[in-house]
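# Structural overview for review
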Amino acid sequence: SGALYDFGASFDCRSKCAPGQYGSCHALDACWSCDMRQCSLCPPGTFREEEGAVVYAECLECPEGAVASDPGTPSCAVCPAGKYAADDDEIGQEDGLGVSTAGTRCISCPAGRKAGKEGSVACDACGGGESSVAGATGCFLCSTGKYADTQASVSCKECPGGREATTQGSTACVSCGPGKSAVPGESCVSCRAGTYADKITSTECLTCSSGRFSSEE
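Okay, so let's go over this structure. (Residues numbered from 1 in each chain as written. Predicted model: local features only at pLDDT ≥ 70, side-chain atom pairs only at ≥ 80, totals over all residues. Heavy atoms only, no water.)

### Some words on the overall build of the protein
Our working definition: Each helix corresponds to a stretch of at least 4 residues labelled H or I by DSSP, and each strand to a stretch of at least 2 residues labelled E; elements are numbered beginning at the N terminus. Both definitions apply: the radius of gyration is a C-alpha atom measure, and the globule rule equals 2.2 Å times residues to the power 0.38. Residue exposure (1.4 Å probe, protein chains only): buried if accessible area is under 20% of the type maximum, exposed if over 50%, otherwise partly exposed. Any two residues whose heavy atoms approach within 4.5 Å at even a single point are treated as in contact. Methods summary: accessible areas were calculated by the Shrake-Rupley approach with a probe of 1.4 Å, and residue burial reflects only the protein chains presented. Positive: Lys, Arg. Negative: Asp, Glu. His and the chain ends are not part of the count. For charged residues, the charge sits on one atom: NZ in Lys, CZ in Arg, CG in Asp, CD in Glu.
The helix and strand inventory of the protein stands at zero helices and 21 strands. In terms of C-alpha radius of gyration, the protein reaches 32 Å, well past the compact-globule figure of 17 Å for 217 residues. On the principal axes, the C-alpha backbone points of the protein span a range of 115 × 20 × 20 Å. Residues classed as buried in the protein amount to 38% of the 217 residues present. Considering only contacts in the protein between residues 6 or more positions apart, those separated by 24 or more positions represent 42%. Element-wise, carbon and sulfur atoms account for 49% of the exposed surface of the protein, whose accessible area totals about 12300 Å². Charge separation in the protein, taken as the distance between the mean sites of 16 positive and 28 negative side-chain charges, equals 9 Å.

Printed below as a string of structure tokens:
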């Protein structure tokens with residue numbers, strides 16, 4: 001039926017369960033009486049390094065930034081950079097927010113966020129003028145002709161026609177101004193002689209009508 005390990009004997013007062021498991025036991029005086037070959041697996045998010053656990057409480061929660069995906073785990077795995085520790089709840093995943101302990105899986109940071117070190121429980125938002133791909137360890141600056149006007153931008157947006165961003169990491173595009181034009185994503189260019197731009201956000205230079213001219217280059 002059961003196995004009794006006497007506290008004063010040579011036996012440890014423990015079950016015969018392997019690491020990652022705990023026994024079906026009940027307290028008996030200063031020791032435990034355990035059912036033979038009755039071991040349960042510690043659930044996901046918990047671990048047990050040593051053998052001989054007698055109660056579920058001896059399954060410990062994974063520490064910050066580490067996870068146990070499967071039941072019966074003897075140790076937890078630290079999430080690599082670019083990922084964060086989370087549980088099976090979907091709440092917070094859109095913003096890259098995980099759990100402080102008892103993680104069950106490592107999830108890649110969403111685009112627009114990063115985790116620069118291993119063992120993260122949340123992803124940091126990229127700043128203005130930056131973006132990132134999913135699972136990033138760092139953010140990149142938006143290239144010329146593009147911008148990111150908010151934090152955690154999932155991509156850099158192309159400047160619309162008639163506007164430009166001449167430096168990397170721009171948070172906004174500026175108007176070309178009179179006498180210039182630009183197609184989307186490109187720098188502003190001056191209108192050639194005989195053409196003009198009548199708006200500060202012109203997408204093309206227009207040909208002067210008969211009897212009129214423009215000498216500006």
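### A short note on the environment of Gly-128
When you line up the elements, Gly-128 lands in the loop between β11 (124–125) and β12 (130–131). If near-sequence neighbours (up to four positions away) are discounted, Gly-128 is found in contact with Ala-148, Thr-150, Gln-151 and Thr-171.

### Looking at the nonpolar core
Rules: In plain words, nonpolar cores are sets of buried Ala, Val, Leu, Ile, Met, Phe, Trp, Tyr and Cys residues tied together by side-chain atoms within 4.5 Å.
Listed in full, the six residues of the largest apolar core are Tyr-84, Ala-86, Ile-107, Cys-109, Ala-115 and Cys-123. Within the second largest apolar cluster, five residues are counted, among which are Phe-47, Cys-62, Ala-66 and Cys-76.

### Looking at the side chain of Glu-164
What counts is decided by this rule: In the sections that follow, a salt bridge refers to a side-chain nitrogen of Lys or Arg positioned within 4 Å of a carboxyl oxygen of Asp or Glu. A 3.5 Å cut-off defines polar contacts: any pair of N or O atoms within that distance qualifies, except that in protein one atom must be a possible hydrogen donor and the other a possible acceptor, and neighbouring residues in sequence count only when both atoms are side-chain atoms.
Position of Glu-164 among the secondary structure elements: in strand β16 (residues 163–164). Nearest to the buried, unbridged Glu-164 among oppositely charged side chains is Lys-180, at 6.0 Å. Reaching out from Glu-164, the side chain makes a polar contact with the backbone nitrogen of Cys-188 at a distance of 2.8 Å. Here Glu-164 is in contact with Cys-159, Cys-173, Val-174, Glu-186, Ser-187 and Cys-188, once residues within four sequence places are set aside.

### Examining the state of the cysteines
We count it as follows: The disulfide definition used here is simple: a pair of cysteine sulfur atoms within 2.5 Å.
A full pass over the atoms with the stated rule returns 11 disulfides. Two residues share a disulfide in this structure: Cys-109 and Cys-123, whose sulfurs sit 2.1 Å from each other. Classification of the bridge connecting Cys-109 and Cys-123 rests on its S-S torsion, roughly -90°, and on that basis the disulfide is left-handed. One end of the pair, Cys-109, is in the loop between β9 (105–108) and β10 (113–114); the other, Cys-123, is in the loop between β10 and β11, with 14 residues separating them in the sequence. Residue class for Cys-109 comes out buried when judged on its relative accessible area of 0%. When its relative accessible area of 5% is taken as the criterion, Cys-123 is described as buried. Shown here is the disulfide that connects Cys-159 with Cys-173, its sulfur atoms set 2.0 Å apart. With the S-S bond torsion at -85°, the cross-link from Cys-159 to Cys-173 turns out left-handed. Here Cys-173 lies in the loop between β16 and β17 (174–175) and Cys-159 lies in the loop between β15 (157–158) and β16, a separation of 14 residues in the sequence. Cys-191 provides the cysteine sulfur closest to Cys-208, a residue in no disulfide bond, and the two sulfurs are 8.9 Å apart.

### Comments concerning the pattern of salt bridges
Inspection of every chain in the model, using the stated rule, returns seven salt bridges. Between Glu-58 and Arg-48 there is a salt bridge; the shortest N-O distance is 3.6 Å. Separated by 10 residues along the polypeptide, Glu-58 in the loop between β4 (46–47) and β5 (60–61) and Arg-48 in the loop between β4 and β5 bring together distant segments of the chain. Residue Arg-48 is classed as buried on the basis of its relative accessible area of 11%. With a shortest N-O distance of 3.7 Å, Arg-113 and Asp-95 are connected by a salt bridge. With Arg-113 in strand β10 and Asp-95 in the loop between β8 (83–86) and β9, the pair connects residues that are 18 residues apart, well separated along the chain. What makes Asp-95 partly exposed here is its relative accessible area of 36%. The network of salt bridges with common partners includes Arg-14, Arg-48, Glu-50 and Glu-58.

### So, the side chain of Ser-131
Take Ser-131: it is sitting in strand β12. Engagement of the side chain of Ser-131 in a polar contact is seen with the backbone nitrogen of Ser-155, the distance being 3.2 Å. Setting aside residues no more than four positions away along its own chain, Ser-131 makes contact with Cys-126, Cys-139, Phe-140, Ser-153, Val-154, Ser-155 and Cys-156.

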